[in-house]
Amino acid sequence: MATGISVDGQGLSDRLAALASIGAIEGTDGACRLALTDEDRAGRDLVVTWMQDLGMDVIIDGIGNVVGTMAGAEPGPPVMCGSHIDTVRTGGRYDGNLGVLAGLQVVEAVQKAGLVTRRPLAVGFFTDEEGSRFPPDMLGSLVYTGEMALEEALDIVGNDGAVVGEELDRIGYRGPAPCPSPPPHSFVELHIEQGPILDTEDVVIGVVTGVQGISWTEITVAGQSNHAGTTPMHMRHDAGWAATRVAVFVHELAEEFGPPQVATVGRVELHPNLVNVVASDAVMTVDMRNTDDALLTEAEDRLAAFLEELAAETGTGITSRRLARFAPVEFDPAMIDRVERVAAELGYSHRRLCSGAGHDAQMFAPVCPTSMVFVPSWEGISHNPFEHTDAEHLEAGANVLLRVMLELAEVVEAPQREPTAEVSA
């Protein structure tokens, strides 16, 4: 193992800035590149160009996942890292992007050091990880690992009416590689924490033990629009009031369950959305998460029962549909230990923690040894243009990623050159 090798931290920051300039949110360091939009296409084109500049073999599969591979001394499954480059509508420059661009810095560092690995090294970015436009989240990695059929994914309709397959064709990223893809030898994802623990405790590296379970539900309330001034309260079928009751219920439910249960109403749309009209319709989302799958299921059951009671009480019709449901995931113990040991050997403070956010890594956990590396998020802020991670922490995380990938890929001696015969004048 060449212990002196390290990533180019400035190069990593430069690439993060260049990618963030695509879909830039004016006046901030953030960006908006919703999955399969023109901005996403431009971001993809840039990252693919960087892969090609490094001489990587680039393949694109049927759901638009992109994987660049640097060959090893022997053929076989690669040691893979990666994440996503799509963002939420009000995204920062680090979420997802760090895990992809740090992977490119790893490849560049290996090449500059003249190292040869036994196994190939691969860097991937996966379609629609955020789920902000097309549910569910982690869509690309779900298809990549065979958890969702490609045909089903291509037919998904987004919240703007767009269809996944049609948008892939439009931006030119429906590739020929088959889905599901062969599993890699192992998978490592570097990511910002997106929470406050590392920043609050002044810890540099988060050794991620797993990902908590996630439940997304879309709820539709059908009421009756009427005059806000002339309709007595007891005669209303108020979809807005019902939606508010749901928001209060899930918040109080999370408080009743206690940590780590969380619940969020992230989207509420009212119709006709006028100040002096009782709302006739409401569409809203509920996001619930827990590390205990039984408790998450109990929360789902409690919500379903409440919706039935609420419909009767408010005189509205209430329906729901599941957008996403993922059980909690535990990462490979040996991979967790490896990340922890490497962080210690490099002299970085570290601690174990479970991820509160969903990640592509959780889709790889069932098919290959998988782990994650976290670096701090300033004040725990993420999914926000003002998310920030210090450059020294970005570099630290990338160096842990580098060392872990090199250990997994196994550095071998470069082929010896044949001695050059002297030529007489």
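Conventions adopted
Residues numbered from 1 in each chain as written. Predicted model: local features only at pLDDT ≥ 70, side-chain atom pairs only at ≥ 80, totals over all residues. Heavy atoms only, no water. Core = buried A, V, L, I, M, F, W, Y, C linked by side-chain atoms within 4.5 Å. Buried < 20%, exposed > 50% of the residue type's maximum accessible area, 1.4 Å probe, protein only. Helix = DSSP H or I, 4+ residues; strand = E, 2+ residues; numbered from the N terminus. Contact = heavy atoms within 4.5 Å. Expected span 1.5 Å × (residues − 1). Polar contact = N/O pair within 3.5 Å; in protein donor to acceptor, adjacent residues only side chain to side chain. Arc of directions from axis to C-beta. Axes fitted to C-alpha atoms, helices over the stretch in contact; angles between N-to-C directions. Parallel < 35°, antiparallel > 145°, perpendicular 65-115°, else oblique. Left-handed = near helix turned anticlockwise from the far one by under 90°. Lys, Arg positive; Asp, Glu negative; His and termini not counted. Salt bridge = Lys/Arg side-chain N within 4 Å of Asp/Glu carboxyl O. Pairing = 2+ DSSP bridges.

## Here's the deal with the nonpolar core
Point 1. Among the nonpolar cores identified, the biggest contains 97 residues, and Val 47, Leu 101, Leu 104, Val 110, Val 164 and Ile 205 are the most heavily contacted of them.
Point 2. Tallying contributions element by element places helix α12 (residues 391-409) first for this core, with eleven residues.
Point 3. If sequence neighbours within four positions are ignored, Val 110 has contacts with Ile 5, Met 70, Leu 115, Leu 121, Leu 402 and Leu 406.
Point 4. Ranked by size, the runner-up nonpolar core spans 25 residues in total, among them Val 246, Ala 282, Met 288 and Phe 306.

## A look at helix α1 (residues 9-20)
Since the α-helix packs 3.6 residues into each turn, any two residues three or four apart lie on the same face.
Point 1. For α1, built from twelve residues, the straight-helix expectation of 16 Å at 1.5 Å per residue is met to within 8% by its first-to-last C-alpha distance of 17 Å.
Point 2. Within α1, burial applies to Gly 9, Gly 11, Leu 12, Arg 15, Leu 16, Leu 19 and Ala 20.
Point 3. At its buried positions, α1 is contacted by α2 (38-53), α3 (97-112) and α12.
Point 4. At the N-terminal boundary of α1, the capping side chain belongs to Asp 8, with an oxygen 3.2 Å from the backbone nitrogen of Gln 10.

## Topic: helix α10 (residues 333-345)
Point 1. Over its 13 residues, α10 runs 18 Å from end to end, which matches the ideal 18 Å to within 8%, given 1.5 Å per residue.
Point 2. Of all the residues in α10, the buried ones are Met 335, Ile 336, Val 339, Val 342 and Ala 343. For α10, the angular spread of buried residues about the axis comes to 130°, placing them on one side. Counted as exposed and oriented over 90 degrees from the buried face of α10: Pro 333 and Ala 334.
Point 3. Close packing links the buried residues of α10 with β6 (186-192), β7 (205-211), β16 (350-355), β17 (370-375) and α12.
Point 4. The opening residue of α10 is Asp 332, an N-cap whose side-chain oxygen sits 3.1 Å from the backbone nitrogen of Ala 334.

## Here we look at the packing of α3 against α12
Point 1. Axis separation between α3 and α12 bottoms out at 9 Å; the angle between their running directions is 60°. If you check the angle between α3 and α12, you find them oblique. α3 and α12 meet at a crossing whose hand is right-handed. Contacts from Leu 98, Ala 102, Gly 103, Val 106 and Val 110 of α3 reach α12 at Leu 394, Ala 398, Leu 401, Leu 402, Met 405 and Leu 406.

## A closer look at the side chain of Asp 95
Point 1. With respect to the helices, strands and loops of the structure, Asp 95 is situated in the loop between β3 (79-83) and α3.
Point 2. Although Asp 95 is buried, it forms no salt bridge, and the closest oppositely charged side chain is Arg 33 at an N-O distance of 9.5 Å.
Point 3. A distance of 3.1 Å separates a polar atom in the side chain of Asp 95 from a polar atom in the side chain of His 383.

## What about the pairing of strand β2 (residues 66-70)?
Point 1. Across the five residues of β2, four count as buried, placing the element largely inside the fold.
Point 2. Here strand β1 (residues 57-60) pairs with β2 via four bridges, running antiparallel. For Asp 57, the partnering residue across the bridge sits in β2 and is Thr 69.
Point 3. Linking two consecutive strands that pair antiparallel, namely β1 and β2, is a turn of five residues; a positive phi of about 90° is found at Gly 64 within it.
Point 4. The pairing of β2 with strand β5 (residues 121-125) spans five bridges and is antiparallel. Among the inter-strand pairings, Val 66 is bridged to a residue of β5, identified as Phe 125.

Structural measurements only, silent on function.
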